[in-house]
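One-letter residues, chain by chain:
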Amino acid sequence: MSTATETHRSVARPPEFEDTHESIRILGFWIFLTTDVVLFGSLFSVYAVFRNRVALGPTPHQLFSMGPVLAETLILLTSTFTCSLSLYAARSNRLKGAVAWLTVTLLLGASFVFLEIREFAGDVMAGHTWHQSAFLSGFFTLVGTHGSHVTIGIAWAIMLVLQLMSGGLTVTNRRKLYTFTLYWHFLDIVWIFLFTVVYLLGIA
Amino acid sequence: MTMNPWILHLMKRLFPPQVLLPDIIGIDIGLTIAAIAAIVFLTKTKRWGWLWREWITTVDHKKIGIMYLLAALVMLFRGGVDALMIRTQLIAPHQHFMSAQQYDEVFTTHGTVMIFFMAMPMVFALFNAAVPLMIGARDVAFPRLNAISFWLFAFGAILLNISFSIGGSPDAGWMSYPPYSELMFDPGVGENYFLLSLQVAGIGTIATGINFLVTVLRLRAPGMTLTRMPIFAWSALITSSLILFAFPPLTVALGLTMLDRIFGASFFTLGHQGMPMMYANLFWIFGHPEVYILIMPPFGIFSEVVPTFSKKPLFGYEAMVASLLAISILSYGTWVHHFFEMGAGPGVNSFFGLSTMLIAIPTGVKMFNWIFTMWGGRIRITVPMLWQLAFVPTFVVGGATGVMLATVPADYQYHNSYFMIAHFHNVILGGTVFGLLSGLYYWWPKMFGWKLNHRQGVWACLLFVVGFWLTFMPQYFLGFQGMTRRMSSYPPGLGWTALNFWSTIGAYVMGVGFLIMVYNIIWSRIHPDWDTTGDPWDARTLEWSLPSPAPEYNFARIPQVHSRDEWWEMKQEGRTDEVKISEKTVHAIHMPRNTPMPVLLALAFFVGSIGMVFEWFWLAILGGLGVVAALAYGSFANYSEKEISRDTILQTEAQLGRLES
Ligand code: HEM
Ligand SMILES: [Cu+2]
């Protein structure tokens, strides 16, 4: 091993990148995310086509209100930040910090899902089920798919917390935390598109 | 005795009149007897443990490849029987061998089985069997995920295949266009079976795409740069990336239809401003790339078979790679050619017509490359080569009729006629299936350790090819004469009778060809012609430097690659001893351990899907919980590796005669 690579090494790439097995899994996860991009892309295009097909139901303008959606947005953005803090703690070898911030992240995620379900329930109570129009079908499905991704993320985070607490900062757990943050950031980006395309354009 | 009304209701749901036809009951009885016989056999010979340890829980790509292959052959049989039923009905005017309803079910199952449960798994069979070996890897990137893919496919296939005897088959065609596929017009559980089975298998397919993309990108032997990689590995790389972009839109199309049918959404319905055409778009954004997913691997296979049996390096390697890439990119810009009649206007239609025709150019490049590879070579007519030679003219005709279909005004005539049926069978049978069978004969010795009998293989191929031309050439003319697809019977006096008759005869000839192939396999199994050299064809790529079948860890020592056709170069330069090992060069190898998690996960998907099909939501939730449990188990059960010790490796290799003397 030449000294050049030695010094390169000492700039410390995170262990999950150095380990061949784990770095292959990270690449695999990136590729999985691209398929998820295509999935959301398809749902977005369905929504875009169906936006004005409101039949006898409400228009986007009538349906949406900014308050809860803004709250959801703020919560999710904050959770992305705490998620990064968890990774940062792990990278500085602080197990407790990693676990704590991950727990905060999943709690924020849970409150996001709670607000979303409340919004949906309100719509349904008002008689606006997805049966009513193609627009509502597209809306509930697009936003709901994002919401169920967040829910899956929460389940994943719970398992990760347990694994971190029992196994500590092993290479495998570091990789899992890293891929989890990738996933969480991805959901955040999708939400920003959702917020713009569905809510902002809908209310405007 | 009075029956409990609840049970009565259940029985009616499981066995509606649709599945109580005498022939179906006959098949049910036959299958039940076969299943009992299999169980008795496994118990008597005490093979359950063996089945569980060696196959069901395996994560070895070689074994998974074998399972894919056998499953695909079974599905080829099933789809073939459907095809013969269709052709029997059409042999003469006014036949009522089947009712119109049953006819619909049979052609739907035929198409679905052939595309999703025959061609796709056979592609994956050959990827698994050959790709890791030819790039010098010990397994795929994610062995356990590979097993998950297989079991999701297997349970998806079971789901579709039980529909005809439990609950009723789907009947809306392999593309299942709404509004017909909506609840309003197509009640019953058949369509649900279609949606769920493709969804389950589709998840597995996406996973396979990820797996082989990473495998080819990251697990190549040292020295094997991308431009030294065998074309079949290239085709795996490109097919995988096509899968990643093509399957999510299918997931969405199927998912939204399911929401419509089971949960009352209004995506593709006629009322509530639903939009059936949106489904057609989503489906074909998947569907057109899908046909290239099916043809790229055969292109790769031929690029291995032709150089081997011409004793020449592949002509135009770079052009081969470039044309594969070009086709894969173009294939995303053509989907509208499946519905020029939708009324998108001349501008849009011209664009998609042109982009479709453009694909013929890189395809032509490949044709010429194979022909120039053969040119001046020492050609050996083996069975794999015979399939390739049969492929060249068939695929040229199929491509040419494709270009005819891409001519927008003309397509207003051809669309959904037998001309189009003939086109896609020309390319899918004459391209994909011929190619996969070529690959099957080529890699068979590597997979099983014995060769398939040559003479029988030649007969199977000849009959199949003759039957193929006899079946499909008349169908072009039927199309010209106005016969449309999916007619369950037709009146006399339209000039269709003789053409249909010969088409049916051709189908039976193909059926005989298939039976000979099965005979060929069974005969060769009983009278094995062992491949002791590991290189029965005098071939060129790394998989042939290994014994047949390869040991569990494939390469005792990972080879160093210096050129394309590395194994051929080694043979030319007398370096073949490089693959042997000595006490000094051998190290312990870590391999993934077997695990029951994949099959349990897929089983949970299956249970949940049954719940969705019959709208028993408690069962669907149970299945969902099972999925979560299996995933959690997989995450927590330390997915450890086992070590194969130096001694074991030395012993194995010594037995194979691969120790340096
Ligand atoms: C030069 C290459 C090709 C061209 C120009 C071409 C063109 C077309 C066109 C325009 C159609 C639509 C016809 C209609 O619905 O009226 C079509 C249908 C079809 N093609 Fe091709 N094609 C080509 C190659 C292939 C290949 C390689 C495959 C598969 C391996 C394939 C499979 C199919 C299938 C499955 C359908 C019809 C599906 C259905 O409606 O059920 N084609 N093709
Ligand atoms: Cu197409």
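Since this is a predicted model, take the numbers as computed values, not measurements.

Calculation criteria
Residues numbered from 1 in each chain as written. Chains lettered and ligands numbered in written order. Predicted model: local features only at pLDDT ≥ 70, side-chain atom pairs only at ≥ 80, totals over all residues. Heavy atoms only, no water. Helix = DSSP H or I, 4+ residues; strand = E, 2+ residues; numbered from the N terminus. Buried < 20%, exposed > 50% of the residue type's maximum accessible area, 1.4 Å probe, protein only. Near = heavy atom within 4 Å. Polar contact = N/O pair within 3.5 Å; in protein donor to acceptor, adjacent residues only side chain to side chain. Nonpolar A, V, L, I, M, F, W, Y, C, P; charged D, E, K, R; others polar. Donors = N, O, S within 2.8 Å, 3.2 Å for Na, K, Ca; no water. Salt bridge = Lys/Arg side-chain N within 4 Å of Asp/Glu carboxyl O. Domains from an automatic or database assignment. Contact = heavy atoms within 4.5 Å. Buried area = accessible area lost by both parts, 1.4 Å probe. Expected span 1.5 Å × (residues − 1). pLDDT = per-residue confidence, 0-100. Phe/Tyr/Trp six-rings, centres within 6.5 Å; stacked < 30°, edge-to-face > 60°. Lys NZ or Arg CZ within 6 Å of the ring centre and 35° of its normal. Axes fitted to C-alpha atoms, helices over the stretch in contact; angles between N-to-C directions. Parallel < 35°, antiparallel > 145°, perpendicular 65-115°, else oblique. Left-handed = near helix turned anticlockwise from the far one by under 90°.

(A) Local environment of the overall build of chain A. Summing up its helical and strand segments, chain A has eight helices and zero strands in all. Scanning chain A from its N terminus toward the C terminus, one meets helices and strands in the order α-α-α-α-α-α-α-α. Referenced to the eigenvectors of the C-alpha coordinate spread, the extents of chain A come out at roughly 70 × 30 × 25 Å. Out of the 204 residues in chain A, the part that is buried amounts to 50%.

(B) Layout of the site of ligand 1. All names here are of chain B. With respect to spatial proximity, 24 residues lie near ligand 1, and among them Trp 174, Asp 411, His 415, His 423 and Arg 485 are the closest. Here Asp 411 contributes a side-chain N or O atom positioned 2.5 Å from an oxygen atom of ligand 1. His 415 places a polar side-chain atom, nitrogen or oxygen, 2.8 Å from an oxygen atom of ligand 1. Elements that contribute at least two residues to the shell around ligand 1 include exactly helix H9 (276-310), helix H11 (346-374), helix H12 (383-406) and helix H14 (418-448). The residue inventory of the shell around ligand 1, partitioned by class, reads 14 nonpolar, eight polar and two charged.

(C) Fine view of the coordination of the iron atom of ligand 1. Residue and element names in this part refer to chain B. Among protein atoms, the single one acting as a donor to the iron atom of ligand 1 is His 423 (NE2), 2.2 Å away. Between the two metal centres, the iron atom of ligand 1 and the copper ion (ligand 2), the spacing is 4.6 Å. Within the fold, His 423 resides in helix H14.

(D) Examining the pattern of salt bridges more closely. Residues and elements named next belong to chain B. Applying the stated criterion to the full structure yields 18 salt bridges over all chains. Lys 62 is paired through a salt bridge with Asp 60; the nearest N and O atoms lie 3.2 Å apart. Across this residue pair, the class does not change: Lys 62 and Asp 60 are buried. In this structure, the salt-bridge partner of Glu 318 is Arg 564, at a minimum N-O distance of 3.2 Å. One end of the pair, Glu 318, is in helix H10 (residues 317-330); the other, Arg 564, is in the loop between strand E2 (529-530) and helix H17 (566-572), and 246 residues separate them in sequence. On the accessibility criterion, Glu 318 (52% relative accessible area) is exposed. Each of Lys 311, Asp 535, Asp 538 and Lys 571 takes part in salt bridges that share partners, so that together they form one network.

(E) Spatial organisation of the coordination of the copper ion (ligand 2). Residue and element names in this part refer to chain B. For the copper ion (ligand 2), the full set of protein donor atoms is His 288 (ND1), His 337 (NE2) and His 338 (NE2), at a range of 1.8 to 2.0 Å. One chain supplies every donor to the copper ion (ligand 2), and in sequence these donors are spaced H-x48-H-H. Residue classification places His 338 among the buried positions, given a relative accessible area of 19%.

(F) Representation of the domain arrangement of chain B in the model. Residues and elements named next belong to chain B. When the domains of chain B are assigned, the result is domain 1 (18-56) and domain 2 (57-270). Relative to domain 2, the C-alpha centre of domain 1 lies at a distance of 23 Å. The interface of domain 1 with domain 2 comprises 13 residues on the first partner and 15 residues on the second. Carbon and sulfur atoms make up 56% of the surface buried where domain 1 meets domain 2, a total of about 1200 Å² over both sides. By the criterion of area lost to domain 2, the three top residues of domain 1 are Gln 18, Trp 55 and Ile 56, representing 46% of everything that side buries.

(G) Fine view of the environment of Phe 64 of chain A. Residue and element names in this part refer to chain A. Mapped onto the elements of the fold, Phe 64 is located in the loop between helix H4 (60-63) and helix H5 (66-91). Here Phe 64 falls in the buried class, since its relative accessible area comes to 7%. Expressed as a C-alpha distance, the spacing of Phe 64 and Arg 94, which sit 30 residues apart in the sequence, is 43 Å. When near neighbours in sequence (up to four residues on either side) are disregarded, Phe 64 contacts Tyr 47, Phe 135, Phe 139, Val 198, Tyr 199, Gly 202 and Ile 203.

(H) Local environment of helix H6 (residues 143-162) of chain B. Here H6 of chain B contains 20 residues, and its C-alpha end-to-end distance of 29 Å stays within 8% of the 28 Å for a straight helix at 1.5 Å per residue. Counting buried positions along H6 of chain B gives 17 out of 20 residues, so the element sits mostly inside the fold.

(I) Structural context of the confidence of the model for chain B. Averaged over chain B, the pLDDT score is 95; the fraction of residues at 70 or greater is 99%. Complex prediction metrics read pTM 0.95 and ipTM 0.94.

(J) Representation of unusual backbone geometry in the model. All names here are of chain B. Geometrically, the link from Pro 178 to Pro 179 is a cis peptide bond, its omega value of 0° lying close to zero. Note that Pro 179 resides in the loop between H6 and helix H7 (190-218). Cis rather than trans, the peptide bond between Ser 548 and Pro 549 has omega equal to -15°. Relative to the helices and strands, Pro 549 is located in the loop between E2 and H17. Unusually for a residue other than glycine, His 272 sits at a positive phi of about 55°. Of note, His 272 is situated in the loop between helix H8 (231-263) and H9. The exposure class of His 272 is partly exposed, given its relative accessible area of 33%.

(K) A look at the side chain of Ser 328 of chain B. Residues and elements named next belong to chain B. Summarising the element assignment, Ser 328 is placed in helix H10. Under the relative-accessibility criterion, Ser 328 is labelled buried at 9%. Ignoring any residue separated from it by four or fewer positions in sequence, one finds Ser 328 in contact with Ile 238, Leu 242 and Met 296.

(L) Focus on the interface of chain B and chain A. Contacts between chain B and chain A engage 32 residues on the former and 34 residues on the latter. Between chain B and chain A, a total of about 2800 Å² is buried, with carbon and sulfur atoms accounting for 73% of that surface. At the junction of chain B and chain A, the tally comes to zero salt bridges. Here chain B and chain A share 14 residue pairs in polar contact (both at pLDDT 80 or more) between them. Mapped onto the side of chain B that touches chain A, the elements with two or more residues apiece are H7, H8, H9 and helix H19 (617-636) of chain B. No other element matches H8 of chain B, which puts nine residues into the side of chain B that touches chain A. Counted by class, the side of chain B that touches chain A contains 23 nonpolar, seven polar and two charged residues.

(M) Looking closely at the packing of aromatic side chains. A full pass over the atoms with the stated rule returns 80 aromatic pairs over all chains. Aromatic pair Phe 50 of chain A and Phe 267 of chain B: ring centres 6.1 Å apart, planes at 35°, arrangement tilted. With one member in each of two chains, Phe 50 of chain A in helix H3 (residues 20-50) and Phe 267 of chain B in the loop between H8 and H9 form a pair that bridges those chains. The two residues Phe 50 of chain A and Phe 267 of chain B agree in class, both being buried. The residue whose ring lies beneath Arg 47 of chain B is Trp 50 of chain B, and the NZ or CZ to ring-centre distance is 5.7 Å.

(N) Highlighting the packing of H9 of chain B against H14 of chain B. Residue and element names in this part refer to chain B. Packing of H9 against H14 leaves a shortest axis separation of 8 Å and a crossing angle of 50°. Judged by the inter-axis angle, H9 sits oblique to H14. Once H9 is placed against H14, the crossing between them reads as left-handed. Packed against H9, whose contacting residues are Leu 294, Ile 295, Pro 298, Ile 301, Phe 302, Glu 304, Val 305, Thr 308 and Phe 309, the element H14 presents Val 427, Ile 428, Gly 431, Thr 432, Phe 434, Gly 435, Leu 436, Ser 438, Gly 439, Tyr 442 and Trp 443 at the interface. Broken down by class, the residue content of the contact of H9 with H14 amounts to 13 nonpolar, six polar and one charged.

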